[in-house]
Amino acid sequence: MTGMTPAELAAQLKTGLLSFPVTHFNPDLSFNESGYREHLSWLSQYDVAGLFAAGGTGEGFSLTPAEIDTVVRAAVSEVNGKLPVIAPATGGTASAIAQAQAAEAAGADGVLLLPPYLTEAGQHGLIEHVSAVCRSTSLGVTVYSRANAILTDVSVAELADRNENLVCLKDGVGSIEMMTRTYARVGDRLTYIGGLPTAETFALPLLQLGVSTYSSAIFNFVPEFALGFYADVLAQDRESVYRKLNEFILPYLDIRDRMKGYAVSIVKAGVTAIGRSAGPVRPPLQDLSEDELAQLTELIGRIK
C-alpha cells in the first residue's frame, strides 16, 4: 500500500518536472521488463517530482490490463520509494475503476485518469465518470482533460468539491481562456499539470495560468536538457527558453508533425538515438523512418 496521501501527492508533483517514461518492448512487441527497469534506473539519477508509468508516452493505450499491472509493479519496485509512481486508469468507467484499484494494490502512489476511448460524453457524464473512479480508490487522482473528455471550469470546480482525492488537473487542451477560467474558479485547490504533446512548447505561457509543472516526454532521452529547460521556464528566462526552442524543440516538432502518432513514436526513437533502445512502438502507431531517425539523432547531437 502507498504511504503517500492525496494531499501529499499533490504537493509533491508541483515541486518539479514530471517523468513519463516510454514502455520498452521486445522485437515481438512483448514487454521488455529488464530494459524498462534499466531505463528507470538511469532516469532516477535525475531530479524529477514524479513518474507516470504506462501513460500516453508509455503506450498505455496499447497495453492489456494485465500488462499495465506488470508495468506499474515493475516501476514501483524499481523506483523503490524514491519518488511517487502514478499508474494509468483507462477506458470506460468499469475498466478505469478496475485499473485504479489494481494500481492501489500494486503500491502506486496515484492514478492518472485518461479520457475514455471513443465514447463521446457531455459534462454531466464526465463528472459522474471521474467521480466514480475517485470513489473507488483512496489514491490521489489526476484527471486528464483532453480529446473526448475536455472538462469545463464549472465541471472541474464541481469535481473538486465532490472528490477530496481529486488532486490534479492535467491540461491537454492549451486554451488560455479555459485555463484562466479554471484557475480563477478553482485556484490552488488543484495542482495543474501541462499535458500537451511536447509540453515544453507551451510551458512559459501556461506558467502564468497556474500550470507550474508539465509532463516531459523528451526527458526520456535528453534529461539534462529537459531539466535545464524547465529551470529556465521557472526563472522566466525568456531569452534562454526561446533560444532552446529554436535550437531543439521546434526542429523536433517539425519531425513529430509529419505523421499522426509521432508524438509518441518520436520519443521512443529518441531513446534509440542515444543508444538505449526501447524497442518498437505497437500498432496502430508506427516507428520513424530510418531517415527521420537519422535526422533526430543529428538534432540530439547538437545539444549533447
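Residues numbered from 1 in each chain as written. Predicted model: local features only at pLDDT ≥ 70, side-chain atom pairs only at ≥ 80, totals over all residues. Heavy atoms only, no water.

Chemist: Explanation requested: the packing of aromatic side chains in the structure shown.
Modeler: Aromatic rings considered in pairs are described by the distance between their centres and by the relative angle of their planes. Counted under the stated rule, the structure contains ten aromatic pairs. Ring centres 4.3 Å apart and planes at 10 degrees place the aromatic pair Phe 20 and Phe 52 in the stacked group. Highlighted residues: Phe 20 in the loop between strand 1 (18–19) and helix 2 (33–43) and Phe 52 in strand 2 (residues 50–52), separated in sequence by 32 residues. What makes Phe 52 buried here is its relative accessible area of 1%. Between Tyr 46 and Phe 219, the aromatic rings sit 6.1 Å apart at their centres with planes inclined by 85 degrees, giving edge-to-face as the arrangement. Residue Tyr 46 is found in the loop between helix 2 and strand 2, and its partner Phe 219 is found in the loop between strand 8 (211–216) and helix 9 (223–234); the two are separated by 173 residues along the sequence. Phe 219 shares its class with Tyr 46; the two are buried. Linked through ring pairs, Phe 221, Phe 225, Phe 229, Phe 248 and Tyr 252 together constitute an aromatic cluster. It is Lys 170 that lies over the ring of Tyr 144; its NZ or CZ is 4.3 Å from the centre. For Arg 276, the ring lying beneath its charged end belongs to Trp 42, and the centroid distance is 4.2 Å. (Phe/Tyr/Trp six-rings, centres within 6.5 Å; stacked < 30°, edge-to-face > 60°. Helix = DSSP H or I, 4+ residues; strand = E, 2+ residues; numbered from the N terminus. Buried < 20%, exposed > 50% of the residue type's maximum accessible area, 1.4 Å probe, protein only. Lys NZ or Arg CZ within 6 Å of the ring centre and 35° of its normal.)

Chemist: What exactly am I supposed to notice about the sheet that holds strand 8 here?
Modeler: Hydrogen bonds between backbone atoms are what pair the strands of a sheet, whose relative direction is either parallel or antiparallel. With parallel pairing, the eight strands of this closed barrel are ordered in space as 1-2-3-4-5-6-7-8. Note: strand 3 (residues 85–89) against strand 4 (residues 110–113), four bridges, orientation parallel. Paired with Pro 88 across the strands is Leu 112, a residue of strand 4. This element, helix 7 (residues 176–186), spans strand 6 (166–171), strand 7 (191–194) and strand 8 of the sheet and lies at about 165 degrees to strand 7. (Pairing = 2+ DSSP bridges. Contact = heavy atoms within 4.5 Å. Axes fitted to C-alpha atoms, helices over the stretch in contact; angles between N-to-C directions.)

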